[in-house]
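Structural characterization, general
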Amino acid sequence: MNEKEIVVAGFGTLLLQESFWDTVVDEKHKKFTPIIIKNYRRLFNLLPDHYEASYFLRTDGTELGAANIEPALDAQFNGVSFRVNPNELESLDRRERYYKRSIVPYHNFETGEELGMCHVYESPLNARWLVRNTNDLLPLWRDIVYARVGAYRISKAFGEMYDATTFLADGKTLMIDYYKAYINELEDLEPVRLRYSNK
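Residues numbered from 1 in each chain as written. Predicted model: local features only at pLDDT ≥ 70, side-chain atom pairs only at ≥ 80, totals over all residues. Heavy atoms only, no water.

Glancing now at unusual backbone geometry. Positive phi values are uncommon outside glycine, yet Asn39 reaches one of about 65 degrees. As for its position among the elements, Asn39 is in strand S2 (residues 33-46). Even without a glycine there, the phi angle at Tyr55 is positive, about 60 degrees. Here Tyr55 is to be found in the loop between S2 and strand S3 (63-84). Among the residues examined, Tyr55 registers a relative accessible area of 52% and is labelled exposed. (Helix = DSSP H or I, 4+ residues; strand = E, 2+ residues; numbered from the N terminus. Buried < 20%, exposed > 50% of the residue type's maximum accessible area, 1.4 Å probe, protein only.)

Right, dumping it as structure tokens:
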């Protein structure tokens with residue numbers, strides 16, 4: 001690894017490589033390594049100012065949530081790690097402007113071997129844009145589809161772990177349980193890409 005590069009972990013829309021390349025466009029030969037991060041929970045409890053509601057299930061404009069992670073003893077989630085140079089890191093920092101960058105241990109998805117330390121984006125626990133009630137915030141539909149399609153592209157086991165470790169804003173309701181009646185739509189990337197291609 002170049003000494004100026006650092007390892008970053010993606011856990012939401014960055015699981016979809018097309019979404020990654022929307023931000024990091026310099027080079028397309030990066031290696032994406034499936035990983036696990038322990039003692040954190042993934043949940044859709046972040047309300048970005050610039051999101052526009054999906055209106056997929058609700059008409060009240062509350063489908064605006066972005067994925068986040070928060071410390072949670074004995075929890076874990078899966079993601080991908082990749083190396084970035086300073087310019088790419090700056091682009092990612094702009095994209096992930098609602099988060100702070102933390103450094104945490106990460107583990108190989110297949111073997112559980114600890115791989116070292118990586119950077120993750122997590123929102124401060126007292127941030128004004130965090131919402132804890134699913135009546136007030138559901139995920140942005142695009143973000144669910146991007147992350148889930150990206151996860152299942154890696155492998156079935158990786159996708160199943162994504163489903164088993166991704167929660168709604170309350171941190172208790174599994175995302176996949178809430179959307180189980182819409183499983184086919186959760187696997188269809190093209191309509192979502194078309195909708196957001198000009199935004």
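Here we come to the nonpolar core. Ile37, Phe82, Cys118 and Tyr179 are the most contacted members of the largest nonpolar core, which has 61 residues in total. Among the elements that make up this core, the one with the highest residue count is S3 (8 residues). Setting aside chain neighbours within four positions, we find Phe82 in contact with Ile6, Val7, Val8, Ala9, Gly10, Leu14, Phe20, Lys31, Phe32 and Leu92. (Core = buried A, V, L, I, M, F, W, Y, C linked by side-chain atoms within 4.5 Å. Contact = heavy atoms within 4.5 Å.)

Attention now goes to helix H2 (residues 86-95). Restricting attention to buried positions, one finds in H2 the residues Glu88, Leu89, Ser91 and Leu92. Down the axis of H2, the buried side of the element spans an arc of 160 degrees, and every buried residue falls inside it. For H2, the secondary structure elements touched by its buried residues are strand S1 (6-10), helix H1 (17-23), S3, strand S4 (100-108) and strand S5 (114-122). N-capping of H2 is provided by Asn85, with a side-chain oxygen placed 3.0 Å from the backbone N of Asn87. (Arc of directions from axis to C-beta. Polar contact = N/O pair within 3.5 Å; in protein donor to acceptor, adjacent residues only side chain to side chain.)

Quick look at the packing of aromatic side chains now. Evaluation of the coordinates by the stated rule reveals 12 aromatic pairs. Plain terms: the ring middles of Trp141 and Tyr179 are 5.7 Å apart, the flat faces sit at 55 degrees to each other, and that makes the pair tilted. One end of the pair, Trp141, is in helix H3 (residues 141-154); the other, Tyr179, is in the loop between helix H5 (175-178) and helix H6 (183-186), and 38 residues separate them in sequence. Looking at Trp141, the relative accessible area reads 8%, which means it is buried. (Phe/Tyr/Trp six-rings, centres within 6.5 Å; stacked < 30°, edge-to-face > 60°.)

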